[in-house]
Every structure is written in C-alpha cells, then in structure tokens.
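# Chain and residue survey
One-letter residues, chain by chain:
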Amino acid sequence: MAEAALQSGRDPKEIRLVAAAKMNDAAAVQDAIAAGVDAVGENRVQELLTKHGQGAYVGVPLHFIGHLQTNKIRQIVGVCDLIESVDSLRQIEMIGKRAAALEIVQDILVEVNIGREPGKAGVFAEALDELLGKAGETPGVRVKGLMAIPPYVENPADSRPYFDAMYQLFVDMTEKKYDNISMHFLSMGMSDSFAEAIKAGANMVRIGTAIFGARRYHREIG
Ligand SMILES: *Cc1c(COP(=O)(O)O)cnc(C)c1O
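The text that follows walks through the structure, step by step, so that each part is easy to find.

Each value, and the rule that gives it
Residues numbered from 1 in each chain as written. Predicted model: local features only at pLDDT ≥ 70, side-chain atom pairs only at ≥ 80, totals over all residues. Heavy atoms only, no water. Core = buried A, V, L, I, M, F, W, Y, C linked by side-chain atoms within 4.5 Å. Buried < 20%, exposed > 50% of the residue type's maximum accessible area, 1.4 Å probe, protein only. Helix = DSSP H or I, 4+ residues; strand = E, 2+ residues; numbered from the N terminus. Contact = heavy atoms within 4.5 Å. Pairing = 2+ DSSP bridges. Right-handed = clockwise from strand over helix to strand, strands pointing away. Arc of directions from axis to C-beta. Polar contact = N/O pair within 3.5 Å; in protein donor to acceptor, adjacent residues only side chain to side chain. Phe/Tyr/Trp six-rings, centres within 6.5 Å; stacked < 30°, edge-to-face > 60°. Lys NZ or Arg CZ within 6 Å of the ring centre and 35° of its normal. Axes fitted to C-alpha atoms, helices over the stretch in contact; angles between N-to-C directions. Parallel < 35°, antiparallel > 145°, perpendicular 65-115°, else oblique. Left-handed = near helix turned anticlockwise from the far one by under 90°. Nonpolar A, V, L, I, M, F, W, Y, C, P; charged D, E, K, R; others polar. Near = heavy atom within 4 Å.

### Brief notes about the nonpolar core
Ranked by size, the top nonpolar core spans 59 residues in total, and within it Ile83, Ile95, Leu128, Leu132, Leu146 and Met166 carry the most contacts. It is helix α7 (residues 160–176) that contributes the most residues to this core, five residues altogether. Setting aside residues no more than four positions away along its own chain, isoleucine 95 makes contact with Leu68, Ile73, Val77, Ile83, Val86, Gln106, Ile108 and Val141. The next biggest cluster of nonpolar side chains, apart from the first, holds seven residues, and it includes Ala39, Met147, Phe185 and Met204.

Quick look at the structure:
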C-alpha cells in the first residue's frame, strides 16, 4: 500500500486499510487489529452481530461492506461506523429513520456499479447525482464518499479503467458540493487489485485474503 501511494505521489498515511473479515473468527479479527488495520469490514449481518457480541471489533471502526438487505438495515444502523454498500433512496430513507430513532447520524458510502454489471449492487454513474442530492436532504444520514467493486478480471491491471472512472466520479461529485455531504472516502481495491486502486486515487481499500489467507468456505460463523 505504501509503495503504491508513494508511486502516485501520495502520503501512505492517507490510505485506510479495511480488513474484510468474512469467515474469519473474532480472534483472527483481533489479531488483524493488533497488527494495525484501520477498520474491519463485514459482509453478513448475522456474522457481524455474532462477532460484535464477542468483542471482535474492539479498537477500530466497523464497516458494513456486504449486500444490504432492507429487512436487516435496522440491525446494523448505529452498530456500524460506516455502511459502505448503500445504493438506493429506499435504503437511505430506512437508514435515516432508524438513525433518527436512535438519535444518531449514520455515516454511509454510496456504492457505484461502475462496470454496469446486470444484477450487481450499486447505482449506475448517471443516477448518482440525483441520489446524492436526495441523500443530502435525508435527516439521520451523512454521505462520506463512494465505494465500488469493479468487474472481476484475470489481470488486476485490467481493473484500472474502472478505478480511473470511479476517481473521476469522486472528483466530479466532490466539486458539486451537495448540502450535508462531505466526499472523504473512495473505497475500492481488494487483495489482488489494491495497488492499482491506490494508484488511481483510492483512499480506502478492503482486503481479506491478503490479510487472513484464503477463506475456508466450509466454516460458518454466526
Ligand atoms: C471479501 C471482500 C473484499 C476482500 O476481498 P479479498 O479478495 O479477499 O481481498 C473486499 N470487498 C468486499 C465487498 C468483499 O466482500
């Protein structure tokens, strides 16, 4: 990460490392925190709540990075410091309602389907402007930036056009200066692609395998 930051003329300290902890238990998560990750991200609500109850995330902010089902939203608002995978006005309104009931403001990122993949989470780029405008008017919610999971490619270098497109969107949306929105974070890049993402302008990467090793899918947590 530091190498990629320096190569692109940026300060390594400005890039946040989110450990993508799915399928790794609370002890492994605590090891990652002790080793210095900046935050932990989880994909599944039940797994997150179980590990939260075990104290897995003590010491760093907790992010939700998985597919956001509307019927689970109320369980994570206020528990997560940042919900990275928000992609509809309906979700934003539900988060705002729950946050208002808790008398908090929930930080979120808006997920963009930058590869325009059918059936994949995220808004299309052309829908972002309207969604951000409405999010800025929704009490209880504060947009802090954008997140993307580009299409899978064999060669990480082939992700670069998607990362570049995301950075351009991030710059464009920052310049629009929406009410109540501060574009701090651009979350993109995973184990195989984080260097490309950082070089393109990411300041938050989500890394699982390169921290924890390969996931053992036969083991269910939570
Ligand atoms: C699992 C996951 C990651 C990390 O993937 P790795 O390839 O294991 O680094 C990043 N982002 C999201 C949304 C994930 O679900």
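### Side note on the pairing of strand β5 (residues 106–112)
A regular strand carries its side chains on alternate faces of the sheet. Along β5, seven of the seven residues are buried, which leaves the element largely enclosed by surrounding structure. Burial along β5 is two-sided: Gln106, Ile108, Val110 and Val112 and Asp107, Leu109 and Glu111, pointing in opposite directions, are all buried. Pairing of strand β4 (residues 82–86) with β5 involves three bridges; the strand directions are parallel. In the strand pairing of β5, isoleucine 83 is matched with isoleucine 108. With helix α5 (residues 89–102) bridging β4 and its parallel neighbour β5, the resulting β-α-β unit is right-handed. The pairing of β5 with strand β6 (residues 141–148) spans six bridges and is parallel. Bridged to glutamine 106 within β6 is valine 141. Taken together, β5, helix α6 (residues 125–136) and β6 form a β-α-β motif whose crossover is right-handed.

### A word on helix α3 (residues 45–53)
For α3, the full list of buried residues reads Val45, Glu47, Leu48 and Lys51. The buried residues of α3 occupy an angular sector of 160° when projected down its axis, which confines them to one face. On its buried face, α3 is in contact with α2 (26–34), β2 (39–42), β3 (62–64) and α4 (73–76).

### What to know about the side chain of lysine 51
Looking at where lysine 51 falls in the secondary structure, it is placed in helix α3. A distance of 2.7 Å separates a polar atom in the side chain of lysine 51 from a polar atom in the side chain of glutamate 42. Of the polar contacts made by the side chain of lysine 51, one reaches the side chain of glutamate 47; its length is 2.9 Å.

### Side note on the packing of aromatic side chains
The final tally for this structure, using the stated rule, is zero aromatic pairs. The ring of phenylalanine 124 has arginine 116 lying over it, and the distance from NZ or CZ to the ring centre is 4.3 Å.

### Digging into the packing of α6 against α7
Between α6 and α7, whose axes approach to 11 Å, the crossing angle comes to 25°. Classified by the angle between their axes, α6 and α7 sit roughly parallel to one another. At the point where α6 passes α7, the crossing takes the right-handed sense. For the pair α6 and α7, contact is made by Ala125, Leu128, Asp129 and Leu132 and by Leu169, Met173 and Lys176, respectively. Looking at the contact of α6 with α7 residue by residue, the classes come out as five nonpolar, no polar and two charged.

### A few points about the site of the ligand
In the vicinity of the ligand, the contacting residues are Ala20, Lys22, Asn43, Ile65, Ile149, Met190, Ser191, Arg206, Ile207, Gly208, Thr209 and Arg215. Between the ligand and asparagine 43, the relevant distance is 2.7 Å, taken from an oxygen atom to a side-chain nitrogen or oxygen of the residue. Residue glycine 208 places a main-chain N or O atom 2.8 Å away from an oxygen atom belonging to the ligand. By residue class, the composition of the shell around the ligand is five nonpolar, four polar and three charged.

### Quick look at the environment of glycine 189
Note that glycine 189 resides in the loop between β7 (185–187) and α8 (194–200). Residue classification places glycine 189 among the buried positions, given a relative accessible area of 1%. Remark: the alpha-carbon pair of glycine 189 and arginine 10, spanning 179 residues in sequence, is separated by 16 Å. Excluding residues within four positions of it along the chain, glycine 189 makes contact with Phe163, Phe194, Ala197, Val205 and Arg206.

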